[in-house]
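Coordinates in review
Here is how the chains run, residue by residue.
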2 protein chains.
Amino acid sequence: MEFQSYFPIWDKLTAAQRELILGSLTDREVKKGALIHNGDMDCTGLLLVRSGQLRAYILSEEGREITVYRLFDRDLCLFSASCVLRSAQFSITIEAEKDTRLWVIPAEIYRQVMEQSAPAANYTNEVMAARFSEVMWLVEQIMWKSLDKRVAAFLLEESAIEGTALLRLTHETIANHLGTHREVVTRMLRYFQGEGMVRLARGSVELLDERKLEALRDA
Amino acid sequence: MEFQSYFPIWDKLTAAQRELILGSLTDREVKKGALIHNGDMDCTGLLLVRSGQLRAYILSEEGREITVYRLFDRDLCLFSASCVLRSAQFSITIEAEKDTRLWVIPAEIYRQVMEQSAPAANYTNEVMAARFSEVMWLVEQIMWKSLDKRVAAFLLEESAIEGTALLRLTHETIANHLGTHREVVTRMLRYFQGEGMVRLARGSVELLDERKLEALRDA
């Protein structure tokens, strides 16, 4: 099992702690679009991404979404096990953005290990601090950045993740990432197209001028 | 020294860890309005509030502010020692909202204790998860709540903190808490006054109808 090489503090655990984790671990494959966790579910457990891509987002009462962070290979998702952290009082939804393989560590097992092991608790601290930084970045974006800059930043980020300038994305999907309405995104993308920054087609956005998009994002 | 009774995991530390902390601790008194930490400072250290009130906020490039969380008696401020958490990549500013007495634990000392002690690391986890929850609440507020609801929520929170309906607050202060402009707050408060919810005077806002404010906040 290659779990060991994905869990950075493996070497710092005792034999008993390792056994506890390996004995309770489950391996899961989820299809793109699958809902893995939502705030109302019981504690799903900690998720360690083997390969694929997850998206963590929050939902308004009216069903609007905004992406809080994303998880890639080797990332650990803590808040699908918020029952482990009594002070984590919020609901987050996690879905697979791509076909994803992951390990699930039961929350209760992780809590046991973390209670005994300073390295495990400190690793958890670092993971949480990294997510905290992402949420603070998000607060800055939604407070101080206009939507044109946020759309430009999102398109550039997507292009970097996918390694291509041709993004298979609907306007609805972009709106759900950014916490806005589809119509607003459509209007913005048409403006970008008019400026020669993108080319729009059904279900796709092609980046034509990354320099110009970067200049807009960083302005 | 009463530090022991303010630090919830004191009983779970070893004698050596206790000595390390007590030997490096400093006691500080800061006046209302004093800036205790800003993102550009070197690592200020962990702050444990003995009495008083602190405000943690972020600043835009243009100097606009928004309050992220507040700290009261017995609260621990982690992010004034973000050098301890390598993954905490953001700038936060901390000021005293009232005359405040606090202990400062040097960041390097806290890091040492946390590395050895699972209870200390787990306590840090819980503190961070609590702050995380506050930031997630903030994201939900600024994304999905209109400003009238946010102003109502802020006035009710202030009134609960101060234990009075007569709040000594300028419109500028309210705007800085909520990340908006003074003019916008003034307009909103005048509307509240017209509805009989508050009475405005120079440098103060008096709540006249808490029920109505609560109804607005929760609508």
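The present account deals with the structure reproduced in this document. (Residues numbered from 1 in each chain as written. Chains lettered and ligands numbered in written order. Predicted model: local features only at pLDDT ≥ 70, side-chain atom pairs only at ≥ 80, totals over all residues. Heavy atoms only, no water.)

Listed per partner, the contact involves 42 residues of chain B and 42 residues of chain A. Summed over both sides, the interface between chain B and chain A buries roughly 3,500 Å², with carbon and sulfur atoms accounting for 70% of that surface. Inspection of the chain B/chain A interface yields 2 salt bridges. Between A:R86 and B:E126 there is a salt bridge; the shortest N-O distance is 3.7 Å. Applying the counting criterion to the chain B and chain A interface returns 13 residue pairs in polar contact (both at pLDDT 80 or more). Those elements that provide at least two residues to the side of chain B that touches chain A are strand 4 (54–59), strand 5 (65–71), helix 3 (107–116) and helix 4 (118–144) of chain B. Considering every element that reaches the side of chain B that touches chain A, the biggest residue donor is helix 4 of chain B, with 20 residues. Of the residues assigned to the side of chain B that touches chain A, the class counts are 25 nonpolar, 10 polar and 7 charged. (Contact = heavy atoms within 4.5 Å. Buried area = accessible area lost by both parts, 1.4 Å probe. Salt bridge = Lys/Arg side-chain N within 4 Å of Asp/Glu carboxyl O. Polar contact = N/O pair within 3.5 Å; in protein donor to acceptor, adjacent residues only side chain to side chain. Helix = DSSP H or I, 4+ residues; strand = E, 2+ residues; numbered from the N terminus. Nonpolar A, V, L, I, M, F, W, Y, C, P; charged D, E, K, R; others polar.)

Residue and element names in this part refer to chain B. Computed from the structure, the largest pocket encloses a volume of approximately 570 Å³. Forming the boundary of the largest pocket are 24 residues, of which V68, R70, W137, F154 and E157 lie nearest the centre. Broken down by secondary-structure element, the contributors of at least two residues to the lining of the largest pocket are strand 5, helix 4, helix 5 (147–162), helix 6 (171–178) and helix 8 (210–218). If you tally residues by element for the lining of the largest pocket, the top one is helix 5, at 7 residues. Residue classes in the lining of the largest pocket are distributed as 10 nonpolar, 4 polar and 10 charged. (1 Å grid on protein atoms, 1.4 Å probe; cavity = no way out; pocket = protein on both sides within 12 Å on 5 of 7 lines; lining within 4 Å. Points joined across faces, edges and corners; volume = space filled by probe spheres on them.)

With that out of the way, let us pick up the environment of A:M143. Residues and elements named next belong to chain A. On the secondary structure map, M143 appears in helix 4 (residues 118–144). Residue M143 is classed as buried on the basis of its relative accessible area, which comes to 13%. For M143 and A160, which are 17 residues apart along the polypeptide, the C-alpha to C-alpha distance reads 24 Å. (Buried < 20%, exposed > 50% of the residue type's maximum accessible area, 1.4 Å probe, protein only.)

The values are spatial; any link to function lies outside them.
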